[in-house]
Amino acid sequence: MQSYQSSEHSEGFATKSHLEKHSRVHSGQKPYQCSVCPKGFVYKLNLVTHMRIHSGEKLYQCSKCLRDFAHKVYLESHMRVHSVEKQNQCSECKKSFTQKSQLVKHMRVHSGERPYQCSECLKSFAYKSYLVTHLRFHSGEKPYQCSECLKCFALKSHLVNHMRVHSGEKPYQCSVCKKCFSQKARLVIHLRVHSGEKPYQCSVCHLGFTDKTSLVTHMRIHSGEKPYQCSECLRCFGRNSYLVKHMRIHSGERPFQCSVCQKSFSDKSYLVIHLRFHSGEKPYKCSECLKCFVLKSHLAKHKRIHSGEKPYQCSVCLKCFAHSSYLVTHMRAHSGEKPYQCSECLKFFACNAYLLKHMRVH
C-alpha cells in the first residue's frame, strides 16, 4: 500500500489528504477562520468545536449533575469530580480538584500567597498567567489585534469584548426587562437598577452608587478635582462628558436636530425639552393646582406661589422675592440703572414692562 511521507520528518500517512492536513502544523497555515473573532484553525473540526463558544451550544451533559459542556474533553475532565476520591480536596472549603496542581493553585486563595512578583513595580500575583498579563502594561505590548479596525489589546478577553462593537452581538440579557448587553459586567451593574442594590458608598455624604466609576466621578464633587481641561479656554471639568459638551461651544457643533423644524442643539437634553413645544407635552404637574409645565425649573418657581417662599433677598433693603429676575429688576431701583430706552423719545426705563407700557403713549 502506498505511503505518503512528510518532508519534515519520517512519519508516513495513509492518504495524501492526511499528509496535506498534517503539513499545516509545520507551515502554520490555518485555512479555517472563525467568522466572529479573528482566530484561525488548522482543521475544520477544531473550528466547529470553537464556534460553540460563540453560539453557546453545549452538546455534552454530565449524567450525575446534569451540567452541560461544549467539548467532550471538558466533560471527561469534569467527571473526575464525581468519580475521583477526595485525595485532591481543599481542607478549608472542601472543594475538590481533578489534579493536585489545581489544588496547589487554589490553596493560594486561602493562604494569600503570591509567589510571582513583577520586577518593575514589585506587585505580586497568585498565578504566573496574571503576572504575564500585568507585564504587558509596563512593556506596552498588545498582542491581540482587531481584524476590523486594527486596534490592539493587552488581553484576549478585551479583544473578544471589543469585537462585539463590530458584530453588534449582545449575549448577556437581563431576565427582568430583557435588555441585552455586550459585556457581562455591564449586565451585573444594570441588574442593580432592578434590585436597588448600591454597593459603592460615598464616605463623605453616604450616597450610594451601582458602580465604582460613578462613585469615583461623584467623589470629585467633594474633592473639587476637575481632571478634564478644555484646550481652548483652559476651563476644567469633573467629567469627560461635560468637557465634550463644552467643546461644542468652541466648535459650534450642534449634532442633535429637531425632526419637526430642523433646529439643531448642542446637547441632547435641549432637544428633548424643545420637542415638548411641538408635542405639547408638559410632564411636570403642580400637586396643588394641577397646572402643568414643560420644564421642572418652571414648576419649582410656580410652587413658590403656593408655599410663599421668597429665597432671593435684596442686600440693600432686605426685601425678598420669589424669582431671581424680580430681584435683578428691583436692584435697579437702588442703582438707578435704566437699560431699556424708548426709540421715539429716548426716555429710559428700569424694566422692559415699563418700556412697553410707555410705548403705548406714542
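Each value, and the rule that gives it
Residues numbered from 1 in each chain as written. Predicted model: local features only at pLDDT ≥ 70, side-chain atom pairs only at ≥ 80, totals over all residues. Heavy atoms only, no water. Phe/Tyr/Trp six-rings, centres within 6.5 Å; stacked < 30°, edge-to-face > 60°. Buried < 20%, exposed > 50% of the residue type's maximum accessible area, 1.4 Å probe, protein only. Helix = DSSP H or I, 4+ residues; strand = E, 2+ residues; numbered from the N terminus. Salt bridge = Lys/Arg side-chain N within 4 Å of Asp/Glu carboxyl O. Expected span 1.5 Å × (residues − 1). Contact = heavy atoms within 4.5 Å. 1 Å grid on protein atoms, 1.4 Å probe; cavity = no way out; pocket = protein on both sides within 12 Å on 5 of 7 lines; lining within 4 Å. Points joined across faces, edges and corners; volume = space filled by probe spheres on them. Nonpolar A, V, L, I, M, F, W, Y, C, P; charged D, E, K, R; others polar.

Caption draft 1: Looking closely at the packing of aromatic side chains. Under the counting rule described, the total for this entry stands at 1 aromatic pair. Each ring, one from Tyr 127 and one from Tyr 130, has its centre 5.0 Å from the other, and the planes form 90°; the classification is edge-to-face. Look at Tyr 130 and you get partly exposed, because its relative accessible area is 47%.

Caption draft 2: Quick look at the environment of Ile 53. For Ile 53, the location among the structural elements is in helix 2 (residues 44-55). Judged by relative accessible area, Ile 53 falls into the exposed class, the value being 59%.

Caption draft 3: Structural view of unusual backbone geometry. A positive phi angle is found at Lys 178, which is not glycine, with a value near 70°. Considering the arrangement of structural elements, one finds Lys 178 in the loop between strand 11 (172-173) and strand 12 (180-181). We classify Lys 178 as exposed; its relative accessible area is 51%.

Caption draft 4: Structural view of the pattern of salt bridges. A full pass over the atoms with the stated rule returns 7 salt bridges. Its salt-bridge partner being Arg 164, residue Glu 169 comes within 3.8 Å of it at the nearest N-O pair. Since its relative accessible area comes to 12%, Arg 164 is described here as buried. Across the salt bridge formed by Arg 332 and Glu 337, the nearest N and O atoms sit 3.8 Å from each other. Overall, the relative accessible area of 43% leaves Glu 337 in the partly exposed class.

Caption draft 5: Seen up close, helix 7 (residues 184-195). An ideal rise of 1.5 Å per residue puts 16 Å on 12 residues; helix 7 measures up with 17 Å between its terminal C-alpha atoms. Within helix 7, the full set of buried residues consists of Leu 187, His 190 and Arg 192. Along its buried surface, helix 7 packs onto strand 11, strand 12 and strand 13 (200-201). Positioned one or two residues after helix 7, Gly 196 has a phi angle of 80°, which is positive.

Caption draft 6: Expanded view of the layout of surface pockets. Its boundaries defined by the atoms lining it, the largest pocket holds a volume of some 290 Å³. Along the walls of the largest pocket sit 14 residues, with Ile 53, His 54, Val 160, Arg 164 and Glu 169 positioned nearest its centre. With 5 residues, helix 6 (residues 156-167) is the largest single contributor of residues to the lining of the largest pocket. Broken down by class, the residue content of the lining of the largest pocket amounts to 7 nonpolar, 3 polar and 4 charged. Size it by volume and the second largest pocket reaches roughly 200 Å³. Lining the second largest pocket are Arg 52, Ile 53, Gly 56, Glu 57, Lys 58, Asp 68, Phe 69, Ala 70, His 71 and Tyr 74. Breaking the lining of the second largest pocket down by element, the ones donating at least two residues are helix 2 and strand 6 (68-69).

By themselves, these are just geometric observations and shouldn't be taken as functional.
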